[in-house]
Amino acid sequence: MAVATAQADPKHNIKNARAAYYDKIGKYHLTPLWEVLKGLVTPEPKTQMVPALWKFDDVEKLMIEAGDVITAEEAERRVLVLENPGDPGKSRVTNSLFAGIQLIMPGEIADAHQHVASAIRFMLKGRGAYTAVEGEKSSMEHGDFIITANWAPHDHGNPGKEPVMWLDVLDMPTINHFQASFSNHFDEKMQNVNHEDGDSFERYATGVLPDGDLAVSNRTPVINYPYAKMKPILARLKKTGDIDKRHGARVRYANPVNGGPVLPTMGAWLALLPKGFKGEPYRSTDGTVFACAEGRGTTVIDGKSFDWKVNDVFVVPPWKRYQHNAAEESVLFSISDRPAQEALGIWREGN
Ligand SMILES: [Fe+2]
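Residues numbered from 1 in each chain as written. Predicted model: local features only at pLDDT ≥ 70, side-chain atom pairs only at ≥ 80, totals over all residues. Heavy atoms only, no water.

Let us look at the coordination of the iron ion. Surrounding the iron ion are the protein donor atoms His113 (NE2), His115 (NE2) and His154 (NE2), at 2.1 to 2.2 Å. Of note, the donors binding the iron ion are all from one chain and are spaced H-x1-H-x38-H. Taken together, the positions of His113 in strand E4 (residues 109-115) and His154 in strand E9 (residues 154-157) put the pair 41 residues apart, joining distant regions of the chain. Here His113 and His154 have matching classes, each one buried. (Donors = N, O, S within 2.8 Å, 3.2 Å for Na, K, Ca; no water. Helix = DSSP H or I, 4+ residues; strand = E, 2+ residues; numbered from the N terminus. Buried < 20%, exposed > 50% of the residue type's maximum accessible area, 1.4 Å probe, protein only.)

If you want it as C-alpha cells, here you go:
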C-alpha cells in the first residue's frame, strides 16, 4: 500500500530518486553542484563572522592571570586569541586574519623563530620591551607598528620593569588556506643584532634611499613605523582639512621603496578622528581589525554600537556597513587583507 502511494506522488518519487542518485555518485566522490550553487556564488558577500569588540580592561586582567598559570617559555608565546564569536574554535578574527593579545612579563624572552605567516604588532601598553627582526632590535612604544614579514627571523624580550602587551595580527589563516605553512626554531634564543634601533626606518622611510640598486620586494624593508613619527603627520592632515568623510585624517603605511602595501597579504592604516567626528557609512570586502591608540568613541557596525577607548580592539567583518563617531579626538589603527584582495582583483568598497 505504501509503495502504491509513493508511486502516485511524483514529487515524493523524484526526491527518493535524487537521494538514491546522490548516494550512488557519492561513492565515486562526486556531488551535485545544483544543490549547493546558491551558497557558493552569492549575489553579495556572506560571512559567518560577526562584529565584536574586546575591551582592553577585561583582556588585561585576564592576561595577567595567564602569567600565573603558564610561563612564556612553556607557552612559547603567551597570547590570548581574539576569536570571532561567529566562528569559535578556529583561532581567527576574520576568515583571513588571526588576532591576539600578547603579554611579555619583565625578564622574559620569546625565543627566536621564523615562519611563513607574516605578523604585525601594534603596541598597546607597557614600556621596555623589544622585538628583534632580521638583525634590528626595535624598542616598542605605545602605538608603534612593527612588522615581521614572511620568514623573517624574530624574537621578543622584556628587560624592563613592567608587563608589556601588544596586538598581534597574522595572516596565518590565509597561509593555512593555501596549506603553505612552514616554521623553524633557532638554536639561539636571541638572534644576533647588527643594526641599531630605528635603522630601517631612518634608512628607507625618511625621503632618501640607500644609493645603488635596491631589491624591490613586495614587503617593506621597515621594521618599525614609530607612533611618535606618525602622529604628527595625522596632525598635519587635520590642520589642512585633509579629512576623509568616512575614515578621518588617515595615512596608509607604505613600503617606501615602491609605495605599495607593507605586506602582500596585509595592509594597515592610521587615522585621526577629530573630536565630534561623525563618519559617513562605509563598507568594503576586507574584514578589518581596529585598535584604538588614543581617544574614545563609538563605531556602529551592521546597526550595532560598539563603544571603544584606548587599547580596545574591534573587528568589522567583510561587507558589513560601519560608521565611526569620535567623542574626543581619537586615533584608530586598522589592518586588513586588502592588499591580497587587490592583487587578486576582487576588492570592492561601497557605502
Ligand atoms: Fe612568531
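Side chains of a nonpolar character, in soluble globular proteins, are inclined to be buried together. If you look at the biggest cluster of nonpolar residues, it comprises 45 residues, and the most contacted ones within it are Phe145, Leu167 and Phe333. Residue contributions to this core peak at four residues, all from helix H4 (residues 56-69). Look past the residues within four positions of Phe145 in its chain and what remains in contact with it is Ile120, Arg121, Phe122, Ile223, Asn224, Tyr225, Tyr253, Val262, Ala268 and Phe333. Core analysis: the second largest hydrophobic core is formed by 14 residues, Trp308, Phe314, Val316 and Tyr322 among them. (Core = buried A, V, L, I, M, F, W, Y, C linked by side-chain atoms within 4.5 Å. Contact = heavy atoms within 4.5 Å.)

Burial analysis of strand E21 (residues 330-336) places seven of its seven residues in the buried class, which makes it a mostly covered element. Along E21, one buried face is formed by Ser330, Leu332, Ser334 and Ser336 and the opposite face, lined by Val331, Phe333 and Ile335, is buried too. Relative to E21, strand E14 (residues 267-273) runs antiparallel, the two sharing seven bridges. Counted as the bridge partner of Ala271 is Leu332 from E21. (Pairing = 2+ DSSP bridges.)

What follows deals with the pattern of salt bridges. This structure, assessed with the given rule, holds 18 salt bridges. Where Lys229 meets Glu202, a salt bridge forms, and the shortest distance between an N and an O atom there is 3.3 Å. Of this pair, Lys229 sits in helix H8 (residues 227-239) while Glu202 sits in helix H7 (residues 199-204), and the two are 27 residues apart along the sequence. Given a relative accessible area of 38%, Lys229 falls into the partly exposed group. Asp302 is the partner of Lys320 in a salt bridge, and the nearest nitrogen-oxygen pair spans 3.9 Å. (Salt bridge = Lys/Arg side-chain N within 4 Å of Asp/Glu carboxyl O.)

Moving on, we come to the sheet that holds strand E6 (residues 130-133). Spatial strand order, E7-E6-E9-E4-E11: five strands in an open sheet with antiparallel pairing. Edge positions in the sheet fall to strand E7 (136-139) and strand E11 (183-185), since each has one partner strand and no second. In this sheet, neighbouring strand axes are inclined to one another by 25° on average, regardless of whether the strands run parallel or antiparallel. When E4 meets E9, the two strands line up antiparallel, connected through three bridges. Bridging from a neighbouring strand, Ala110 pairs with His156 of E9. (Axes fitted to C-alpha atoms, helices over the stretch in contact; angles between N-to-C directions.)

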